[in-house]
Amino acid sequence: MSDAATRPFGGLEAAFQAALAQATTAQALEAVRIKFLGRKSEVAAALKGLGALPADQRAEVGKRANQLKTAFEARLAEQQAALATAPARAALDVTLPGTALAQGRLHPVTRTMDAILACFVPLGFEIIEGPEAEYEYYNFDRLNIPRDHPSREHFDTFFLEAPSPQPAKGRLLLRSHTSPVQIRVMERRKPPLRILVPGKVFRPDALDPSHSFMFHQVEGLVVDDRTSFADLKGVLEQFLRALFGEDTQARFRPHFFPFTEPSAEVDIACRVCRGTGCSTCGQKGWLEIMGCGMVHPNVLKGVGYDWQRVQGFAFGMGVERIAMLRHGVKDIRLFFENDVRFLEQF
Ligand code: PHE
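Remember, predicted model here, so these are calculated numbers, not experimental data. (Residues numbered from 1 in each chain as written. Predicted model: local features only at pLDDT ≥ 70, side-chain atom pairs only at ≥ 80, totals over all residues. Heavy atoms only, no water.)

**Student:** Explain the site of the ligand to me, using residue names and the numbers behind them.
**Tutor:** If you check the shell around the ligand, you find 13 residues, and the closest are His177, Ser179, Arg203, Gln217 and Glu219. At a separation of 3.0 Å, a nitrogen atom of the ligand approaches a polar side-chain atom of His177. Here an oxygen atom of the ligand sits 3.0 Å away from a polar atom, N or O, in the side chain of Gln217. Isolated, the ligand exposes 320 Å² of accessible area, and the fraction of that covered by the protein chains is 92%. When contributions to the shell around the ligand are tallied by element, the ones reaching two or more residues are β6 (214-224), β9 (286-295) and β10 (311-318). (Near = heavy atom within 4 Å. Polar contact = N/O pair within 3.5 Å; in protein donor to acceptor, adjacent residues only side chain to side chain. Areas by Shrake-Rupley, 256 points an atom, 1.4 Å probe, with all protein chains shown as cover. Helix = DSSP H or I, 4+ residues; strand = E, 2+ residues; numbered from the N terminus.)

**Student:** Talk me through the nonpolar core; I want residue IDs and the actual numbers.
**Tutor:** Formed by 45 residues in total, the largest nonpolar core has its most connected members in Ile116, Phe120, Leu236, Phe239, Ile289, Phe315 and Met317. Listed by contribution, the elements that provide at least two residues to this core are α6 (108-120), β6, α9 (229-244), β8 (260-269), β9, β10, α11 (319-327) and α12 (340-343). Setting aside chain neighbours within four positions, we find Ile289 in contact with Leu240, Phe244, Val266, Asp267, Ile268, Met317, Gly318, Ile322 and Leu325. (Core = buried A, V, L, I, M, F, W, Y, C linked by side-chain atoms within 4.5 Å. Buried < 20%, exposed > 50% of the residue type's maximum accessible area, 1.4 Å probe, protein only. Contact = heavy atoms within 4.5 Å.)

**Student:** Please set out the pairing of strand β7 (residues 250-257) residue by residue, giving values where relevant.
**Tutor:** Bridge analysis of β7 against β8 gives 7 bridges, and the strand direction is antiparallel. The residue of β8 that forms the bridge with His255 is Ser263. Between β7 and β8, which pair antiparallel and follow one another directly, the connecting turn spans 2 residues. (Pairing = 2+ DSSP bridges.)

**Student:** Account for the domain arrangement of the protein, naming residues and giving values.
**Tutor:** Taken domain by domain, the protein consists of domain 1 (2-85) and domain 2 (108-343). The C-alpha centroid of domain 2 is placed 86 Å from the C-alpha centroid of domain 1. (Domains from an automatic or database assignment.)

**Student:** Any details on a nonpolar patch on the surface? Residues and values, ideally.
**Tutor:** Where nonpolar side chains cluster on the molecular surface, the patch consists of Phe158, Leu207 and Phe213 and spans about 270 Å² of accessible area. Relative to the elements of secondary structure, Phe158 occurs in strand β3 (residues 158-159). Of the residues examined, Phe158 reaches a relative accessible area of 30% and is grouped as partly exposed. (Patch = residues over 30% accessible without salt bridge, like charges linked within 9 Å, V, L, I, M, F, W, Y side chains within 5 Å. Salt bridge = Lys/Arg side-chain N within 4 Å of Asp/Glu carboxyl O.)

**Student:** How would you sum up the side chain of His216? Please name residues and give values.
**Tutor:** Assignment of secondary structure puts His216 in strand β6. A distance of 2.6 Å separates a polar atom in the side chain of His216 from a polar atom in the side chain of Glu320. In contact with His216, not counting residues within four places along its chain, are Val109, Met113, Gly199, Lys200, Met317, Gly318, Val319 and Glu320.

**Student:** Lay out the sheet that holds β8 with the relevant residues and their values.
**Tutor:** Judged by pairing direction, the sheet is mixed, and its 7 strands sit side by side in the order β1-β5-β6-β10-β9-β8-β7 without closing on themselves. Looking at the sheet topology across the chains shown, the edges are occupied by β1 (126-127) and β7. Pairing analysis gives 10 bridges linking strand β5 (residues 193-202) to β6, with the strands arranged antiparallel. Looking at the pairing, Pro198 lines up with Val218 of β6. Here α9 sits on the sheet in contact with β7, β8, β9 and β10, set at roughly 145 degrees to β9. In the packing of α11 onto the sheet, contacts are made with β6, β9 and β10, and the angle to β10 comes to roughly 60 degrees. (Axes fitted to C-alpha atoms, helices over the stretch in contact; angles between N-to-C directions.)

**Student:** Summarise unusual backbone geometry; cite the residues concerned and give the values.
**Tutor:** Following Pro191, the chain continues to Pro192 via a peptide bond in cis, the omega torsion being 0 degrees. Following Glu261, the chain continues into Pro262 via a peptide bond in cis, with omega recorded as -5 degrees. Relative to the helices and strands, Pro262 is located in strand β8. Even without being glycine, Asn338 reaches a positive phi, approximately 55 degrees. As for its position among the elements, Asn338 is in the loop between α11 and α12.

Below you can see the structure in the form of C-alpha cells.
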C-alpha cells in the first residue's frame, strides 16, 4: 500500500480502538458508530470521494476504506454483544432493600447517668463538673480526711508522677470520688447551693464482676440555712422512686464517711426478690445504692462558711452499679469491653 493511499486514514484505527474501549453503554457505543461509520465519518467520505481520485489510487483507497469499515463493524458488534450479556452493574434496582447503615447509640452508662441527672433537675439542681486529676487537698484534706489518718486507707488512690503545680495543695492524683468538687464549688460560691456533679473516678481495685479501676459517680450537694436530714431523706427517696419506680422501698442505714456527720448508706429493696433474699442481693433482701450524710462542720469551716448558720447534705452514688441494677447486668466489666453485641442491647 502506498503512502498516498494510507495517509487519509492515519491514526484512525487507534482512535477507534480508544473510543471503543471507553464505550461502556449502548448509547456510547452508538456514538462511536456514528463517529467512525456514520455519513459524516472519514471512511464514508473516502468511499464517496473515490470517483474524484486519480485512477491509480482508487483501488488502494477503496480497498483500505472497505477493510476499515468491515473491521469497525465487526468490533462494534462484538462490543455490543458483550455489553448485552454483562451484568447490569450500573443499573439501579430500586426494589432491592437498602444497605443498612450501622447506627450509633448512647452507652448504657451514659444513659443511666442521664436518667439520674434528669431526676434531680426538676428539684432545681445545677450540674457542675470538676477535674479528674485532682490535688490531695481537695480529694482528702478539705474533706476532713487528714494525712496519716486511718480513714484515708479506705480510699486507695492512684497518685500521679507529675510534679504538683501547686505544692501547697499536695500531690496530684486521679480523684477517688467526686466529693472534691464539693469543696471546689463551696470555695468560690456562697450558699444557697444545690449542685450535682457527674464524673469519672478512679480506684486501684483489681478487676472483678463488681470492681473496675475507673467508674462513674454522681455527687449531690445542698447547702442552705435550713437543711436537715429530713430534707436529705425526702430528696433521695423521691429520686429513688423516680428512677426505680413508685413502689421502690428504701432504707437509710447508719454508716461512716469523714466528710459527713451523721452519715448513712442507702439501700433499696432487692429488685429481684423484693426483699426476701436471693443471689443478686446476697440473701440480704437489700441492695446498697449510695452514700450520704449531713456535711461535716469541719468541711463547712474549711471553705470559710459559718457552720453555725448554714447546714448542708451530700450524697454520692456509683453509676455503673445503678446501670447494672436497672438492666440486670451481672458483670461491670461488660460496660468497658466495647463489644457491640452487648452495647446494641440498650
Ligand atoms: N464520696 C463517697 C464515696 O465515694 C460517697 C459520698 C458522697 C458519701 C457524699 C457521702 C456524701 O464513697
